[in-house]
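Examining the three-dimensional arrangement
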Amino acid sequence: MSSSIITWTLVDEAPALATHSLLPVLKAFVRGSGLEIETADISLAGRILANFPESILESQRIPDELSRLGVMAKTPMANIVKLPNISASVPQLQEAIEELRNQGYDVPVYPEDPQNDAEREIQSRYAAVLGSAVNPVLREGNSDRRPATAVKSFAQKSPHRMMKDWPTEGSQTRVAHMDAGDFFASEQSTTLAAATTARIEFVSSTGETTLLLDSLPLLANEVIDASSMKVDALRAFYSEQVAIAKEKGLLLSLHLKATMMKVSDPILFGHCVSVYFADALNKHADALNEAGANVNFGLADVLSKLSRLPADKKAEIESDIKACLETGPDLAMVDSRRGITNLHVPNDVIIDASMPVVVRDGGRMWNNDDALQDTLAIIPDRCYATMYQAVIEDCQVHGQFDPSTMGSVANVGLMAKKAEEYGSHDKTFSAMGAGVIQVLDAEGEILLSQEVNEGDIFRMCQTKDEAITDWVKLGVKRARATGSPAIFWLNAERGHDAQLIQKVEKALGDHDTTGLEIKILPPVEAMRFSLERIRRGEDTIAITGNVLRDYLTDLFPILELGTSARMLSIVPLLQGGGLFETGAGGSAPKHVQQFVKEGHLRWDSLGEYCALVPAFEQAAAATDNAQISVLAETLDAAIGQYLANGRNPSRKVNELDNRGATYYLTLYWAEALAKQSKDASMQERFTPVAQALAEHEPTILEELLAAQGNAIDLGGYYHPDVELLASAMRPSATLNKILQF
């Protein structure tokens, strides 16, 4: 019997907890089939420890699993199930470091403002852990995201109940974006005629040159682009929107992605904080600077640093900040009961999750009185802001979407070879003064340049020709497989997109597109086209760049399915392997908070269940192993039963949670294996297991429910104690005994 390996990633927060319930089931079911399930720790804490082995005891060291998986992803044997992980902001990184140090791991403190070469090196090494550090390493292919057939069918038969009506008239909600001075306005793009090694440098207005990046290998036919955000224009825009929100009585809300765009977006966030609270922050600038407050980390960082000041000064600043909140427009709230505003922490409001919820909630966000209110949603850059406004305008005319009838928008996303990694890497800089930031080839010829003033944000990105060619191929393949219209979301008026349009048009000529409806439309038109079809119950394929992939695979599933965690996400790797992502729903910190408080985990592992089916199918195909194929078929059938019987976790304590849901998945899977006739040995093996699981259902459920209602000690948030975690997630002795078969 040929053998195969599936690599299961150990991650953070809710999916990390759920793994301790599901993984023992998987290992029990695949035992003896020729399939092995190994694990790889790519959690935030794991990445920190792997990055600083010399700082900790030998017994505390762990391998650099992210690097190992990065190499694996470039091989035909890769079969990786990737769960959602934390894309860490600086505050999250600091919390994780503090927790590890308290647990006896002597990793270095993160230096916010490095004062010497040693601290600069530490900061540089931590940069590899920040933001979207995992996905670009593993995504050696483009993405195919869509709801699984069983999931879509269930969603229409049992639509989620989270949709709130849009007002029949009078909704003032809208998206505000810049009209000049943003990344969209300044973007330059070119396709390289030949390979070269480039560098990035800053040339000041007085002619002094500073090297920003010394070696940047570029390939022939690669698309590169550079753009800049003008900070003066940004701050003027923020000031204008603050005044408009106040005048119109709208909640002010800011929507960025400081986790993925870890260099650029915290700066954009900080400018909004400093504009809104300008009176207080300007008045006390010297004291706040002395305390080390950093607006890029949000209002919460400013408030926390006040403890470093004398009590009377602390009280004065707190009073002045409160006055800003009283005189300014109301802020959208993340948690009104705790007083956490939209401007408290940059990673609390992530655009791909926050904007769909605005649509879902009838164009409103929560205010300080814990009530929904119309909002002025600020998305500074026009590259993607306009398509969100198109959704809002559609709902203001046609009302809320109906999950029981709405069509789907699947996504084919360009992300292979780190395509379009905007604002999150070593090619994003805050300008040190007035001058020019330029990209030069090996001969010193200028490829791209941006005029900047101090504080302006420069960003450059790369998109390799191989990735684009594969992206077009995958889009045509999905259009052929489904018969749905396939739309490339590309704007000819944007520098980068104009280059891609030329490549897409050329690549389409290499494929048979007879009978297919394939269009290239700007994002606003593509959104309107898709929304018209959605309301008619018709499906569409969105073929998008990396950022829109990220945004749309939250937007449409949250409206359609209630969560993006239920999306099937397949990444056919360029070298023939597969990466199977378990949904786009993030790592759900609020689920962990509830679990720790009352022992109930509402995380739905449906995304994990669904991702395992194609992972099993790939393993079976690669090894011609019939037993693995049977495991895939029966798991798929079990998922159908899971959905048909409504076994997804409840949101309320003392009702079915993730552990109970996984029990039912286990039961249905065992029953499907016992009923199948393709493999007699597996039928014989699983028949008594299915009988035991069914016979002991009342006892197992009683044991699982008995574990709820009390606070849970996990021994850590970012680096929990494995034994405590296993005990908390496997509280049924009866189920545990059955799984020892």
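Read on for a plain summary of the structure. For clarity, every value in this text was computed on a predicted model and none was experimentally measured.

Before going further, it helps to spend a moment on the overall build of the protein chain. Scanning the protein chain from N- to C-terminus turns up 28 helices and 24 strands. Here the protein chain has a C-alpha radius of gyration of 26 Å; the compact-globule value for 741 residues is 27 Å, and the two agree. For the protein chain, the spread of C-alpha atoms along the three principal axes comes to 80 × 65 × 65 Å. The buried share of the protein chain, reckoned over its 741 residues, is 60%. If you take every contact in the protein chain between residues at least 6 apart in sequence, the share linking residues at least 24 apart comes to 79%.

What the rule picks out here adds up to 39 salt bridges. Among the ionic pairs, E140 bridges to K417, the shortest N-O distance being 3.2 Å. Of this pair, E140 sits in the loop between α6 (135-138) and β4 (143-147) while K417 sits in the loop between β15 (409-413) and β16 (428-430); the two residues are 277 residues apart in sequence, bridging distant segments of the chain. With relative accessibility at 24%, the residue K417 sits in the partly exposed group. The closest approach of N and O atoms between D426 and K427, which form a salt bridge, is 3.3 Å. The exposure class assigned to D426 is partly exposed, which follows from its relative accessible area of 45%. Residue classification places K427 among the buried positions, given a relative accessible area of 9%. Connected through salt bridges with shared partners, the residues K257, D352, R549 and D550 form a single ionic network.

Our focus in this paragraph is the nonpolar core. If you look at the biggest cluster of nonpolar residues, it comprises 77 residues, and the most contacted ones within it are W8, F29, F616, I639, W669 and L693. In this structure, F29 is in contact with L631, T666, W669, A670, L673, R685, F686, L739 and F741, ignoring residues within four places of it in sequence. Of all hydrophobic cores here, the second largest spans 45 residues; its members include W166, M355, A377 and L521.

Moving on to the packing of helix α1 (residues 13-30) against helix α21 (residues 589-598). Following both chains from N to C, one finds α1 and α21 inclined at 55°, their axes separated by 7 Å at the closest point. Comparing their axes, α21 and α1 come out oblique. In this structure, α1 uses E13, A14 and L17 to contact α21, whose residues at the interface are P589, H591, V592 and F595. Its residues placed into classes, the contact of α1 with α21 shows 5 nonpolar, 1 polar and 1 charged.

We now examine the sheet that holds β16. An order of β6-β9-β19-β16 is seen for the 4 strands of this open sheet, with the pairing classed as antiparallel. Either end of the sheet is taken by a strand with one partner, and the two such strands are β6 (188-191) and β16. Between one strand and the next, the sheet's axes are offset by a mean angle of 10°, whatever the strand orientation.

Structurally, the position occupied by D394 is in helix α16 (residues 382-398). You can call D394 buried: its relative accessible area is 13%. The contact partners of D394, leaving out residues within four places of it in the chain, are G399, F401, L531 and R535.

Moving on to the sheet that holds strand β18 (residues 446-452). Judged by pairing direction, the sheet is antiparallel, and its 4 strands sit side by side in the order β8-β7-β17-β18 without closing on themselves. The outermost strands of the open sheet, each flanked by one partner alone, are β8 (209-218) and β18. On average, adjacent strands in this sheet sit at an angle of 15° to one another, irrespective of strand direction. Here strand β7 (residues 196-204) pairs with β8 via 7 bridges, running antiparallel. The residue of β8 that forms the bridge with I200 is L213.

Conventions used here
Residue indices begin from 1 for each chain and proceed along its sequence in written order. Reporting of local features is limited, given that this is a predicted model, to residues whose pLDDT is at least 70; pairs of side-chain atoms are given and counted only at 80 or more, and all residues count toward the totals for whole chains, interfaces and linings. Calculated side-chain values reflect all of the structure's heavy atoms, with hydrogen atoms and water omitted. Only runs of H or I of at least four residues qualify as helices and only runs of E of at least two qualify as strands under DSSP, and these elements are numbered from the N terminus. Throughout, the radius of gyration refers to the C-alpha atoms, and the reference size of a globule is 2.2 Å times the residue count to the power 0.38. Burial classes: relative accessible area under 20% of the type maximum marks a residue as buried, over 50% as exposed, and values in between as partly exposed (1.4 Å probe, protein chains only). Residue contacts are defined here by distance: any two heavy atoms, one from each residue, within 4.5 Å place the two residues in contact. In what follows, salt bridge is the name for a side-chain nitrogen of Lys or Arg lying within 4 Å of a carboxyl oxygen of Asp or Glu. We define a nonpolar core as any set of buried Ala, Val, Leu, Ile, Met, Phe, Trp, Tyr and Cys residues linked to one another through side-chain atoms lying within 4.5 Å. Only C-alpha atoms enter the line fits that serve as axes; for helices the fit covers just the stretch in contact. Angles between N-to-C directions range over 0 to 180 degrees. In what follows, roughly perpendicular refers to angles from 65 to 115 degrees, roughly parallel to angles under 35, roughly antiparallel to angles over 145, and oblique to any angle outside these ranges. Just so you know the grouping, Ala, Val, Leu, Ile, Met, Phe, Trp, Tyr, Cys and Pro go in nonpolar, Asp, Glu, Lys and Arg go in charged, and all remaining residues, Gly too, go in polar. When DSSP locates at least two bridges between a pair of strands, those strands are taken to pair.

Shape is all these values report; function is a separate question.
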